[in-house]
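Structural features, examined
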Amino acid sequence: MLSRLAPSARAAWITGAAATIALAAAQPVTFHLDLYGADNRPVTVTSLTVITAGRTVVAVGGLVAWARRPDSATGPLLVVWTLVSLSAGLGLHASGALLVWSYLSGVISRVVYAYALLTYPDGRPETVGERRYLRAVAAIPLLWLGYAAVTPSAGIDAVTCRRAGCPANPLLLHESATASRAFWAAQFVAALTGAVWLLVLLFRRYRRMSASRRRASAPVLWAAAAPVVVFMTGVLLDTWKAPTGWLYWADHLTIYTVPLAMIVGLLASRLARADVAALLVRLRSAPVDDLRPGLAQLLGDSDVQIAIPLSAGDDARFVDPAGRPVTVPAAPGLARTDIGGGVLLLHHPTTRTEDPALFDAAVAAARLTLDNVRLAAQVRAQLAEVDASRERLVRAGDEERRRLERDLHDGAQQRLIGLGMALRSARDAVEDTSPAAALLDDATDQLRQSLTELRDLARGLRPALLAERGLATAVQTLLLTVPVRVTLTGDLPDRPDPATETAAFFVVAEALQNITRHAPDAHATVTLHAAAGRLTVTVTDDGPGGADPRRGTGLRGIADRVAAAGGHLDVTSVPGQGTTISADLPMHRHDPVTAP
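What counts and what doesn't
Residues numbered from 1 in each chain as written. Predicted model: local features only at pLDDT ≥ 70, side-chain atom pairs only at ≥ 80, totals over all residues. Heavy atoms only, no water. Helix = DSSP H or I, 4+ residues; strand = E, 2+ residues; numbered from the N terminus. Buried < 20%, exposed > 50% of the residue type's maximum accessible area, 1.4 Å probe, protein only. Contact = heavy atoms within 4.5 Å. Axes fitted to C-alpha atoms, helices over the stretch in contact; angles between N-to-C directions. Parallel < 35°, antiparallel > 145°, perpendicular 65-115°, else oblique. Left-handed = near helix turned anticlockwise from the far one by under 90°. Nonpolar A, V, L, I, M, F, W, Y, C, P; charged D, E, K, R; others polar. Pairing = 2+ DSSP bridges. pLDDT = per-residue confidence, 0-100. Core = buried A, V, L, I, M, F, W, Y, C linked by side-chain atoms within 4.5 Å. Patch = residues over 30% accessible without salt bridge, like charges linked within 9 Å, V, L, I, M, F, W, Y side chains within 5 Å. Areas by Shrake-Rupley, 256 points an atom, 1.4 Å probe, with all protein chains shown as cover. Salt bridge = Lys/Arg side-chain N within 4 Å of Asp/Glu carboxyl O. Phe/Tyr/Trp six-rings, centres within 6.5 Å; stacked < 30°, edge-to-face > 60°. Lys, Arg positive; Asp, Glu negative; His and termini not counted.

1. Some words on the overall build of the chain
Counting its regular elements, the chain contains 20 helices and ten strands. Counting the 596 residues in the chain, one finds 41% classified as buried. Of the contacts made within the chain by residues no fewer than 6 positions apart, 67% connect residues no fewer than 24 positions apart.

Written out as structure tokens, the structure is:
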């Protein structure tokens with residue numbers, strides 16, 4: 001628990017704890033039973049034990065606050081208040097100095113109490129009014145010293161003097177009843193004014209608090225207001241000479257609730273800090289739009305906003321995680337915190353100071369969430385760019401195939417046809433018995449075979465029938481050229497995109513080519529099925545199976561082409577059970593979204 005404290009602060013903490021234990025243990029031994037109720041009966045040992053235990057509880061609360069918030073003076077002030085209170089009753093009748101101290105410590109403890117309240121939980125006052133109040137109440141002990149300088153011991157504590165004798169007042173300079181009454185009246189006015197002023201400041205502080213600060217501090221403020229009201233009541237009743245014995249116990253019972261309220265406030269902060277983990281878990285599966293409401297709830301600050309920069313410089317534009325414009329600063333009273341990458345967290349100024357650990361944890365959660373979102377967006381953009389690049393390559397390849405097809409058809413093929421016509425004309429011009437006739441016949445046959453191979457090559461690049469008549473007709477024509485038994489099933493009510501048609505055609509062509517090469521006796525089935533905007537192309541055979549796409553370039557190339565068209569290729573080939581090649585493709589695909 002002391003790991004947050006610096007070495008010097010840790011030594012002071014240990015000293016305060018040891019002093020509290022020592023003074024609490026000394027109370028039953030050294031405390032003079034000088035406390036009397038309205039009937040002038042002494043306080044019992046049991047009551048003394050209760051009072052001592054209550055003051056010790058205050059010290060425990062102060063030590064916990066000190067260890068938890070070493071940057072705040074609230075914990076040390078509570079410990080000082082306890083030590084002053086516990087030392088007030090040590091041997092009142094033993095000396096005049098102890099007698100004077102017992103009453104002066106009561107005044108000092110009230111001042112320390114006010115300091116602790118107005119500096120909780122940050123350890124410093126928030127407003128000019130609070131600072132003025134603390135400077136003003138610091139002068140109240142001086143009024144009591146002035147009172148002690150003109151008042152004998154019998155005037156300070158008549159009961160103790162009557163029961164145990166009157167030790168001399170070491171502060172007495174000149175006995176004066178008039179001056180004594182004047183100082184007493186001044187103390188009365190200062191105490192009453194200070195109590196009312198403190199209540200007003202506490203109320204104003206509560207009104208200024210954000211929700212998260214009220215969660216941690218409001219129990220302390222409400223609990224602190226109770227002993228102030230009891231004190232004011234006691235001052236008034238004492239002035240009117242009314243019985244006040246019960247107020248002594250009310251004062252102690254109410255003042256001891258403050259450290260308990262502090263512990264409640266600390267527990268609320270602990271629970272809020274645990275909410276950071278819950279926020280991270282929730283944001284892992286929730287949209288990033290939930291980040292701002294989650295932070296607002298966690299920090300108790302409805303003004304929280306997240307501003308993501310779209311441009312740099314003095315005229316930078318900002319948007320929230322949902323893309324809506326954000327004005328920075330959104331309001332004159334908002335503070336900003338850079339959570340990394342130029343992203344700003346806009347919040348109430350006190351949100352950062354009221355619980356720094358909770359605020360830092362919330363900022364870390366926001367930074368982690370935004371980093372994850374940014375990385376996910378970058379990955380999506382990179383994948384989109386890869387898909388777009390692959391599609392551009394496939395489209396470029398298809399364009400090049402179409403160009404080659406046109407060149408072959410309009411160039412080499414036409415010249416070969418013209419050459420064939422010339423050969424036939426030459427053959428017709430010679431006799432059948434001429435030696436040249438056999439040579440011309442052989443040249444014509446070779447030319448016809450070359451022309452057939454050239455046409456097959458042109459169709460392999462991209463059949464003209466595919467572009468002219470569609471996938472179903474192109475596949476039917478393809479089946480007529482393969483030397484295996486093939487059955488075509490399914491129908492296509494609508495033509496898919498050209499990229500999808502080309503990919504689907506080459507899936508069928510590659511599958512039938514593999515069947516022809518590895519299972520010429522097998523029976524194959526080609527199925528074309530369109531539904532819900534998707535085209536499914538399936539080629540099955542009852543051959544020996546065992547096809548492995550990783551060992552050949554044909555199926556790998558087809559898989560890349562299918563992926564470039566926005567689809568997916570599956571190959572199932574169990575040895576002895578045939579092979580099934582299935583491609584799932586979009587009927588119509590929009591242009592891929594590329595990264596900006």
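2. Some words on the packing of helix 18 (residues 471-479) against helix 19 (residues 498-518)
Packed helix pairs are specified by the crossing angle of their axes together with the interaxial distance, meaning the distance between the axes. Helix 19 packs onto helix 18 with a crossing angle of 15 degrees between their chain directions and a minimal axis gap of 10 Å. Of the possible angle classes, the one that applies to helix 18 and helix 19 is roughly parallel. In this structure, the crossing between helix 18 and helix 19 has a hand that is right-handed. On the side of helix 18, the interface is formed by L471, A474, V475, L478 and L479, while helix 19 contributes E501, A504, F505, V508, A509 and L512. Partitioning the contact of helix 18 with helix 19 into residue classes produces ten nonpolar, no polar and one charged.

3. Some thoughts on the pairing of strand 8 (residues 534-541)
In terms of strand pairing, strand 7 (residues 523-531) meets strand 8 through eight bridges, oriented antiparallel. Paired with T525 across the bridge in strand 8 is T540. Across eight bridges, the pairing between strand 8 and strand 10 (residues 579-586) is antiparallel. When the sheet's bridge partners are listed, V539 is paired in strand 10 with I581.

4. With respect to the confidence of the model for the chain
With 72% of its residues at a pLDDT of 70 or more, the chain has an overall mean of 76. Taken element by element, the predicted model of the chain shows its lowest mean pLDDT in helix 8 (residues 158-164) (53) and its highest in strand 8 (94). Every residue in residues 32-41 scores below 50 in pLDDT, and together they form 26 contacts with partners more than four places removed in sequence or on other chains. In this model residues 591-596 is a low-confidence stretch, pLDDT under 50, and it forms eight contacts with partners more than four residues away in sequence or in other chains.

5. Some words on the nonpolar core
If you look at the biggest cluster of nonpolar residues, it comprises 39 residues, and the most contacted ones within it are W81, Y113, L117, L118, Y133, W144 and L198. Secondary structure elements with two or more residues in this core: helix 2 (45-68), helix 3 (74-87), helix 4 (96-118), helix 5 (128-137), helix 6 (140-149), helix 9 (177-208), helix 10 (211-239) and helix 12 (257-285). Counting residues per element, this core draws most heavily on helix 4, at ten residues. Not counting residues up to four positions away in its chain, the partners in contact with L117 are L198, L202, R205, V220, A224 and V258. The next biggest cluster of nonpolar side chains, apart from the first, holds 35 residues, and it includes L466, V526, V539 and L569.

6. Quick word on the sheet that holds strand 9 (residues 568-573)
As summarised here, the arrangement of the five strands in space is 6-7-8-10-9, forming an open sheet in which the pairing is mixed. Bordering the open sheet on either side are strand 6 (485-491) and strand 9, each of which pairs with just one other strand. For this sheet the average axis-to-axis angle between neighbouring strands, irrespective of direction, equals 10 degrees. Against the sheet, helix 19 touches strand 6, strand 7, strand 8, strand 9 and strand 10, its axis set at about 5 degrees to strand 8.

7. Details of the pairing of strand 4 (residues 335-338)
By the alternation rule, side chains of strand 4 split into A335 and T337, which are all buried, and R336 and D338, of which none is buried. Where strand 4 and strand 5 (residues 344-347) come together, four bridges link them in antiparallel fashion. Paired with R336 across the two strands is L346, which belongs to strand 5. Hairpin connection, strand 4 to strand 5: the antiparallel pair is bridged by five residues, and G340 has positive phi, about 115 degrees.

8. A look at the sheet that holds strand 5
An order of 3-2-1-5-4 is seen for the five strands of this open sheet, with the pairing classed as antiparallel. Two strands lie at the open edges of the sheet, namely strand 3 (325-326) and strand 4, each paired on one side alone.

9. A word on unusual backbone geometry
Of note, the phi angle at A532 is positive, near 55 degrees, even though the residue is not glycine. In this structure, A532 sits in the loop between strand 7 and strand 8. In this structure A532 comes out as exposed when scored by relative accessible area, which is 82%.

10. So, a nonpolar patch on the surface
Taken together, the side chains of L142, L145 and L171 make up a nonpolar region of the molecular surface, amounting to roughly 240 Å² of accessible area. Looking at the secondary structure, you find L145 in helix 6.

11. Comments concerning the packing of helix 4 against helix 9
It is at 11 Å that the axes of helix 4 and helix 9 come closest, and there the two elements cross at 15 degrees. As judged from the angle between their axes, helix 4 and helix 9 are roughly parallel. Relative to helix 9, the crossing made by helix 4 is left-handed. Contact residues: A114, L117 and L118 in helix 4; L198, L201, L202 and R205 in helix 9. For the contact of helix 4 with helix 9, a count of residues per class yields six nonpolar, no polar and one charged.

12. Looking at the packing of aromatic side chains
Enumeration over the complete set of coordinates arrives at five aromatic pairs. Ring centres of W81 and Y113 lie 6.4 Å apart, and the angle between their planes is 45 degrees; this geometry places the pair in the tilted category. With W81 in helix 3 and Y113 in helix 4, this residue pair connects regions lying 32 residues apart in the sequence. We note that W81, like Y113, is buried. Centre to centre, the rings of Y147 and W184 are 5.4 Å apart; their planes meet at 50 degrees, and the pair counts as tilted. With Y147 in helix 6 and W184 in helix 9, the pair connects residues that are 37 residues apart, well separated along the chain. A relative accessible area of 43% places W184 in the partly exposed class.

13. So, the pattern of salt bridges
As a working rule, side chains carrying opposite charge can pair if their charged atoms are close by. Going through the model one piece at a time under the given rule, you end up with three salt bridges. Notably, a salt bridge pairs R495 with E501, separated by 2.8 Å at the nearest N-O pair. Classification of R495 by relative accessible area gives partly exposed; the value is 37%. A relative accessible area of 2% means that E501 is categorised as buried.

14. Brief notes about the side chain of E510
On the secondary structure map, E510 appears in helix 19. Here E510 sits buried without a salt bridge, and the closest side chain of opposite charge, R517, lies 5.3 Å off (N-O distance). Not counting residues within four places of it along the chain, the set of residues in contact with E510 comprises G554, L555 and I558.

15. Overview of the environment of A177
Note that A177 resides in helix 9. A relative accessible area of 49% means that A177 is categorised as partly exposed. Considered as a pair, A177 and P152 are 25 residues apart in the sequence and their alpha carbons are 9.6 Å apart.

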